[in-house]
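Analysis of the macromolecular model
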Amino acid sequence: MMSNPKLSNLISEKIGDGWIKNLDELRRIEPYADDPQFRAQWRQIKQANKSHLADYILRNNGIELNIDSLFDVQIKRIHEYKRQLLNVLHIIALYNRLKADPSQDILPRTFIFGGKAAPGYFMAKMVVKLINSVGDVVNNDPDVADRLKVVFMANYSVSSGQFAYPAADLSEQISTAGKEASGTGNMKFSMNGALTIGTLDGANVEIREEVGAENFFLFGLTAQEVMDKKASGYSPASYYQSNPELKQVIDQLASGFFSPKEPGLFMSIVDSLLHSDEYMLLADFQSYLDCQDRVSQAFRDQDNWTRMSILNVARMGKFSSDRTIAEYCRDIWKVEPMPVDLGAYSQEAAGLKVTKTPEMS
Ligand SMILES: *Cc1c(COP(=O)(O)O)cnc(C)c1O
C-alpha cells in the first residue's frame, strides 16, 4: 500500500479493502483480467510507476529512460549464485545482435540493477564494475539509441526498492537451481504486477504453481540436473566452444571491449567462467536467451501481457506474511492467538492509515 498506492487504490475500488487484511481476497480481481477497461487502467498505473522510477533514475544516475521500453529489473544482493552476470551476458548478446544489424526490430529494453556487494567479495565487486562498464558502452552508442539502456542504481535499499518493484515489467529471479532458500524479492515483484523470468529455485517454484505455468517464464537446469551435471564432470569450456554467440560475448570480456583503458580488467570473470563456472552460467546461457526472446515476443502483445500481470497479482495471496505466521503458530509453535491492545497505534499498524509518505532522495 505504501509502495504502490495507485495499484492498491484500483484494487480496492473494484473489490473493496478486505484484501488488505486477507490477501487471498486478491483472487476477486481475477475476472477483471478479461475487462479491457480495467486492463487499460492497470497499464496506466504501471506506466505512471515507471515514470516515477525514471524520474528517480534521471536525478540519481543522469540517465534518461524510455518508459515504453520493457523495464527488466534485477535488484537483490550482488552474489555469484544470484547470477547478475548471466543477465549481463544476455545484455551483451542483445547489443551484439543490434550491432550486427542496427536496422533490426528488437524490443526496446531498460535493464535496471540494484544491490550491494559485501566489502570483501571481490567477484561481486567485479560484477558491479562490469554492469557499469557495459552501461557506459551501450548507453552511449548511437546505433542502439534508446532501444537498450543499462542502469545500476547506487546504494540500493528498501527505500529505493520501494520505487523499483512497482515499476518493473519483468522480474529477474535467475539463481542457479538449488541455491536460493526462498527469496522474497520474487514475491514483491509479482504482487506489483511484474512477470517473472526464473529458474525452478526457492519460492519461484511456489509462485509458478500459484500464478500458473502459462504466466511465468521458466528456463534453465533443475536442481537435480545441476547436481547430475556436476557429478558427471561439467565442462564450461565446451559450451563456450560450441556456442558462437556465447563465445563472442566472453571473447569481448577477455579482449577489454568493455574496459578499453584497462583491457585485462575482466579476466578474473572470464577465468572463473571458463575454468570452473561453479554456478553454471554457461550451461544455462542458451536456455536463458531463448526464454528472453519469448519474453520480448510476449511483451509486444500488451493486452495479453497485462492479462498475465493481473493474474499474477490476483494469485499471490498465499505469499502473505500473515498466512505464513499463522501456519507457524499452528504447526510449529502450537500457540493460540490472543488479543493485544495497541491503542492509537492499531490503525496504522493494520496498514489502514498511512501517516508518512516515502521521500525520494
Ligand atoms: C526484498 C529485499 C531483498 C531480498 O531480495 P531477494 O530478491 O529475495 O534476494 C534484499 N534487499 C532489499 C532492500 C529488499 O527489499
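Residues numbered from 1 in each chain as written. Predicted model: local features only at pLDDT ≥ 70, side-chain atom pairs only at ≥ 80, totals over all residues. Heavy atoms only, no water.

**Regarding the domain arrangement of the protein**
Often the size quoted for an interface is simply the accessible area lost on bringing the parts together. Once the domains are mapped, the protein shows domain 1 (5-319) and domain 2 (328-360). On a C-alpha basis, the centroid separation for the pair domain 1 and domain 2 is 32 Å. (Domains from an automatic or database assignment.)

**Re the site of the ligand**
The environment of the ligand is made up of Ile75, Lys76, Lys82, Tyr156, Ser157, Val158, Tyr165, Gly183, Thr184, Gly185 and Lys188. At a separation of 2.9 Å, an oxygen atom of the ligand approaches a polar backbone atom of glycine 185. Within the side chain of lysine 188, one N or O atom sits 2.6 Å away from an oxygen atom of the ligand. Protein contacts shield 78% of the accessible area of the ligand, which totals 390 Å² for the unbound molecule. Residue composition of the shell around the ligand, grouped by class: 4 nonpolar, 4 polar and 3 charged. (Near = heavy atom within 4 Å. Polar contact = N/O pair within 3.5 Å; in protein donor to acceptor, adjacent residues only side chain to side chain. Areas by Shrake-Rupley, 256 points an atom, 1.4 Å probe, with all protein chains shown as cover. Nonpolar A, V, L, I, M, F, W, Y, C, P; charged D, E, K, R; others polar.)

**Thoughts on the packing of helix H3 (residues 84-100) against helix H10 (residues 244-255)**
When two helices pack together, their arrangement is given by the angle between the helix axes and by the axis-to-axis distance. Interaxial distance between H3 and H10 falls to 10 Å at its minimum, and their mutual angle equals 105°. In this view, H3 runs roughly perpendicular relative to H10, as classed from their interaxial angle. On the side of H3, the interface is formed by Leu89, Ile92, Ala93, Asn96 and Arg97, while H10 contributes Glu245, Gln248, Val249, Gln252 and Leu253. Split into classes, the residues belonging to the contact of H3 with H10 amount to 5 nonpolar, 3 polar and 2 charged. (Axes fitted to C-alpha atoms, helices over the stretch in contact; angles between N-to-C directions. Helix = DSSP H or I, 4+ residues; strand = E, 2+ residues; numbered from the N terminus. Parallel < 35°, antiparallel > 145°, perpendicular 65-115°, else oblique. Contact = heavy atoms within 4.5 Å.)

**As for the pairing of strand S2 (residues 109-114)**
The buried fraction of S2 is high, at 6 of 6 residues. Every second residue of S2 is oriented toward a common face, with Arg109, Phe111 and Phe113 on one face and Thr110, Ile112 and Gly114 on the other, all of them buried. Two elements, strand S1 (residues 70-75) and S2, share 6 bridges in a ladder whose sense is parallel. From the neighbouring strand, valine 73 faces S2, where its bridge partner is isoleucine 112. (Buried < 20%, exposed > 50% of the residue type's maximum accessible area, 1.4 Å probe, protein only. Pairing = 2+ DSSP bridges.)

**Here's the deal with the nonpolar core**
Of all hydrophobic cores here, the largest spans 67 residues; its most connected members are Leu148, Ile197, Phe217, Ile269 and Trp305. Look past the residues within four positions of tryptophan 305 in its chain and what remains in contact with it is Leu70, Asp169, Leu170, Leu195, Phe217, Val295, Ala298 and Phe299. Formed by 20 residues, the second largest nonpolar core is a distinct cluster that contains Leu53, Ile112, Tyr156 and Ala194. (Core = buried A, V, L, I, M, F, W, Y, C linked by side-chain atoms within 4.5 Å.)

**Description of the pattern of salt bridges**
Tallied over the full model, the rule gives 19 salt bridges. Notably, a salt bridge pairs arginine 28 with glutamate 25, separated by 3.5 Å at the nearest N-O pair. Here arginine 28 falls in the partly exposed class, since its relative accessible area comes to 46%. Classification of glutamate 25 as partly exposed rests on a relative accessible area of 23%. Residue arginine 97 pairs with glutamate 245 through a salt bridge whose shortest N-O separation is 2.7 Å. Taken together, the residues arginine 97 in helix H3 and glutamate 245 in helix H10 connect sequence positions 148 residues apart. Look at arginine 97 and you get partly exposed, because its relative accessible area is 23%. Three or more residues are tied together by salt bridges with common partners; here these are Arg27, Glu30, Glu210 and Arg315. (Salt bridge = Lys/Arg side-chain N within 4 Å of Asp/Glu carboxyl O.)

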